[in-house]
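If you want the building blocks of each chain, they are given just below.
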Amino acid sequence: MENKTKLKGIIEAILFTIGESVTLDRLASVLEKDPEDLKVILEEMKIDYSAEERGICLIELDGAYQICTKIETYDYVRKLVSQPKKRSLTDVMLETLSIIAYKQPVTKQEIEAIRGVKCDFAVNKLIEYKLVKELGRLETLGRPIVFGTTEEFLRCFGVSSIEELPDIDEVTKQSFMDEAMEEVSAALNVTI
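Let me begin by describing the structure that accompanies this report. Just so it is clear, the model here is predicted, and its values are computed rather than measured.

Glancing now at the overall build of the protein. If you tally the helices and strands in the protein, you get nine helices and six strands. Here the protein holds 192 residues, and the buried ones make up 28% of them. Long-range pairs, those at least 24 residues apart, make up 43% of the contacts in the protein with a sequence separation of at least 6. Total accessible area on the protein stands at roughly 13,500 Å², and carbon and sulfur atoms take up 55% of it.

Laid out in structure tokens, this is it:
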């Protein structure tokens, strides 16, 4: 039998990565070990975890094994998990998101033409927040990536499809464009 400490580390990595219970037979198959020999090692691991001041334990559930947090740590884990993830969208991200939502499929170049500034950071953050995704590439020179909104976007904004987004009338659109041009002019310190 190979180094027992190394095998325990491999088992720990498997159970941690899977995040749910794994049957003894499945573990034995993956590790190419005899189930009875493996059961002895798993029982040793259970004892190791319980004897040490560790935050995790190894439990057996109907012939399957899983790594879990110890009951003693529950209150601390609960406090952390119950804190909402604070993901706020900056004005730049909201502006970029609205352009993508109304113009999709749209390229970064098109977004930048509308906004008048680079949008790499905003688009990357929107992708990270799963509000925007890559839809593919245009069949033109350079094959630029086109972006669109996701199901998560629809959930967050309470609509079931893009068609439910509110219409923007031409006067409002022109007002937005004038405001954007003023911002660009101010940033460049020129007059239009």
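That shown, we press on.
The biggest cluster of nonpolar side chains holds 19 residues, and the ones touching the most others in it are Ile100, Ile111, Leu126 and Phe153. Elements with a contribution of two residues or more to this core: α5 (91-103), α7 (120-128) and α8 (151-157). For this core, the element with the most residues is α5, which contributes five residues. Excluding residues that lie within four positions of it along the chain, Ile111 makes contacts with Thr96, Ile99, Ile100, Val106, Cys119 and Val123.

As enumerated under the stated definition, the model contains one aromatic pair in all. Geometrically, the ring pair formed by Phe153 and Phe157 is tilted, given 4.8 Å between the ring centres and 35° between the ring planes. Note that Phe153 and Phe157 are positioned in helix α8 at a spacing of four residues, about one turn of the helix. Taking the relative accessible area as the measure of exposure, Phe157 reaches 40% and is therefore partly exposed.

Further remarks concern the state of the cysteines. For the coordinates displayed, the defined rule picks out zero disulfides. For the unlinked cysteine Cys57, the closest cysteine sulfur is that of Cys68, found at 5.5 Å.

A contiguous nonpolar patch, built from Val77, Leu80 and Val81 and spanning about 290 Å² of accessible area, is present on the exposed surface. Within the fold, Leu80 resides in helix α4 (residues 74-82).

A few words now on the pairing of strand β2 (residues 56-61). As paired elements, β2 and strand β3 (residues 64-69) share six bridges and run antiparallel to each other. Bridging from a neighbouring strand, Leu61 pairs with Ala64 of β3.

Attention now moves to the packing of α5 against helix α6 (residues 108-115). Helix packing for two helices is described by the angle between their axes and how far apart those axes are. Remark: α5 packs on α6, axes separated minimally by 10 Å, with the N-to-C direction vectors making an angle of 120°. On the basis of the axis angle, α5 is oblique to α6. In this structure, α5 crosses over α6, and the sense of that crossing is right-handed. Contact residues: Val92, Glu95, Thr96, Ile99, Ile100 and Lys103 in α5; Ile111, Ile114 and Arg115 in α6. Looking at the contact of α5 with α6, its residues break down into five nonpolar, one polar and three charged.

Strand order in the open sheet made by the three strands is β1-β3-β2, with antiparallel pairing throughout. This sheet does not close on itself; its edge strands, each paired only once, are β1 (22-23) and β2. Set on the sheet, helix α3 (residues 35-51) makes contact with β2 and β3; between it and β2 the angle comes to about 140°.

With that out of the way, let us pick up the pattern of salt bridges. The full count for this structure, using the stated rule, is 13 salt bridges. A salt bridge links Glu44 to Lys8; the nearest nitrogen and oxygen atoms lie 3.3 Å apart. Taken together, the positions of Glu44 in helix α3 and Lys8 in helix α1 (residues 4-18) put the pair 36 residues apart, joining distant regions of the chain. Taking the relative accessible area as the measure of exposure, Glu44 reaches 24% and is therefore partly exposed. The shortest N-O distance in the salt bridge between Arg115 and Glu95 comes to 2.6 Å.

About the criteria used
- Residues numbered from 1 in each chain as written.
- Predicted model: local features only at pLDDT ≥ 70, side-chain atom pairs only at ≥ 80, totals over all residues.
- Heavy atoms only, no water.
- Helix = DSSP H or I, 4+ residues; strand = E, 2+ residues; numbered from the N terminus.
- Buried < 20%, exposed > 50% of the residue type's maximum accessible area, 1.4 Å probe, protein only.
- Contact = heavy atoms within 4.5 Å.
- Areas by Shrake-Rupley, 256 points an atom, 1.4 Å probe, with all protein chains shown as cover.
- Core = buried A, V, L, I, M, F, W, Y, C linked by side-chain atoms within 4.5 Å.
- Phe/Tyr/Trp six-rings, centres within 6.5 Å; stacked < 30°, edge-to-face > 60°.
- Disulfide = S-S within 2.5 Å.
- Patch = residues over 30% accessible without salt bridge, like charges linked within 9 Å, V, L, I, M, F, W, Y side chains within 5 Å.
- Salt bridge = Lys/Arg side-chain N within 4 Å of Asp/Glu carboxyl O.
- Pairing = 2+ DSSP bridges.
- Axes fitted to C-alpha atoms, helices over the stretch in contact; angles between N-to-C directions.
- Parallel < 35°, antiparallel > 145°, perpendicular 65-115°, else oblique.
- Left-handed = near helix turned anticlockwise from the far one by under 90°.
- Nonpolar A, V, L, I, M, F, W, Y, C, P; charged D, E, K, R; others polar.

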